[in-house]
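Okay, here's what each chain looks like letter by letter:
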Amino acid sequence: MAKGGAPVTMSDVARLAGVSTATVSRVVNGRYGVSASTVAQVRSVIERLGYESSLVATSLRRSRTNVLGLVTHSFQSYTAEVLKGVMDALSQSGFDLIIYADSDLYGTYSDGWEQRHLARLSGTLTDGCIVVTPSGEVRSGTPVVVIDPARGSTAPSVTADNFAGATAVVEHLLGLGHRRIGLIAGRAGLEAAWSREEGYRTALAEAGVPLDPQLIARGSFNPESAAPLARALLDRADRPTAIFAASDGMALKALQVAKELGLDVPGDLSVAGFDNIPESALAEPGLTTVDQSMYRLGYEAARMLKSLVRGGWEGPSQTVLPIRLVVRGSTAAPRNPM
């Protein structure tokens, strides 16, 4: 907002960037004739002023583009499966799809990355966007649907029943006889990560198993973050007999670390994940996991976004999809129960 609470205008951006309003218009519309340094300067001012909403909703919005966007921090197996659902939902709909992702595949999740991406897509390029696992609440001048929102988000969203999924997998491990169950948790601030940890805690409590805080390691859903965490858990003298990782990517890293340490899975250690990415079935042994139907997450998010863009969505603004426990060879009764 400009001084006095008035909406930020193109003139405000031009003044602070030291360029003409025509240059600002060319930058936002992606037209030729502007140097790279000037583009960067104008973009920086736009992001600093939080101008993107008023920019796309008023000054530069002319007509429907019939293009939807998908904004994601990085492309991993999870995102690829979501994308398949999105593409099928958009088939023969008249909408095209543009994808915007960071080039840093396993980089850090800096706050606000999704807002920077939305600023480049919303309105002038797209009629609405799907945002995958954002760092916080999203704001846009066009409709947005979030897959796996930040905790406390009020944006229209689609997510799996993460609490029920975590409860199911921990109850499975408890039923096998495990009592020391480690958790490699997901990215802090994400509703899915919080719900999965709550499911883990609840399942232990209902089974009368005391919670050992030292068995909880906090990752980021980045598979690479799980390797040192799994190693720290398994190097303990009183190591866990099972590890539940809040994503399959992190669980597969735990399997790798266990192999490096000479541990037999599932004889010495059971490992379970969450997602049911294709790689989980191909692992050796196959990974026990929670199927949250990533395809359907994408499909339902795209279906919701299409209706919001057209002004016809009448369903719930927060959709929760059911889960399914998939038991494979990576879990078994503990060889030496503790």
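Residues numbered from 1 in each chain as written. Predicted model: local features only at pLDDT ≥ 70, side-chain atom pairs only at ≥ 80, totals over all residues. Heavy atoms only, no water.

(A) Region of the structure containing the sheet that holds strand β5 (residues 157-160). If you walk across this open sheet you meet the six strands as β2-β1-β3-β4-β5-β11, and the pairing is parallel. Edge positions in the open sheet fall to β2 (96-101) and β11 (318-321), since each of these has one partner strand only. The sheet shows a mean angle of 20° between the axes of neighbouring strands, taken without regard to direction. Its contacts with the sheet place helix α5 (residues 77-90) against β1 (67-72), β2, β3 (128-132) and β4 (144-147), and it is angled at close to 160° to β2. (Pairing = 2+ DSSP bridges. Helix = DSSP H or I, 4+ residues; strand = E, 2+ residues; numbered from the N terminus. Axes fitted to C-alpha atoms, helices over the stretch in contact; angles between N-to-C directions. Contact = heavy atoms within 4.5 Å.)

(B) Expanded view of the sheet that holds strand β8 (residues 242-245). With respect to topology, four strands assemble into an open sheet ordered β7-β6-β8-β9, the strand pairing being parallel. Both outer strands of the open sheet, β7 (216-218) and β9 (270-272), are each paired with one neighbouring strand and no more. When the angles between neighbouring strand axes are averaged without regard to direction, this sheet yields 15°. The pairing of strand β6 (residues 181-185) with β7 spans three bridges and is classified as parallel. By the bridge assignment, L183 is partnered in β7 with I216.

(C) Structural detail: the pairing of β3. Across the five residues that make up β3, a large majority, five, are buried. The two faces of β3 match: G128, I130 and V132 on one face and C129 and V131 on the other face are all buried. Across five bridges, the pairing between β1 and β3 is parallel. Note on β3: the bridge partner recorded for T72 is V132. Strand direction decides the pairing type here: β3 and β4, joined by four bridges, are parallel. Counted as the bridge partner of V132 is I147 from β4. (Buried < 20%, exposed > 50% of the residue type's maximum accessible area, 1.4 Å probe, protein only.)

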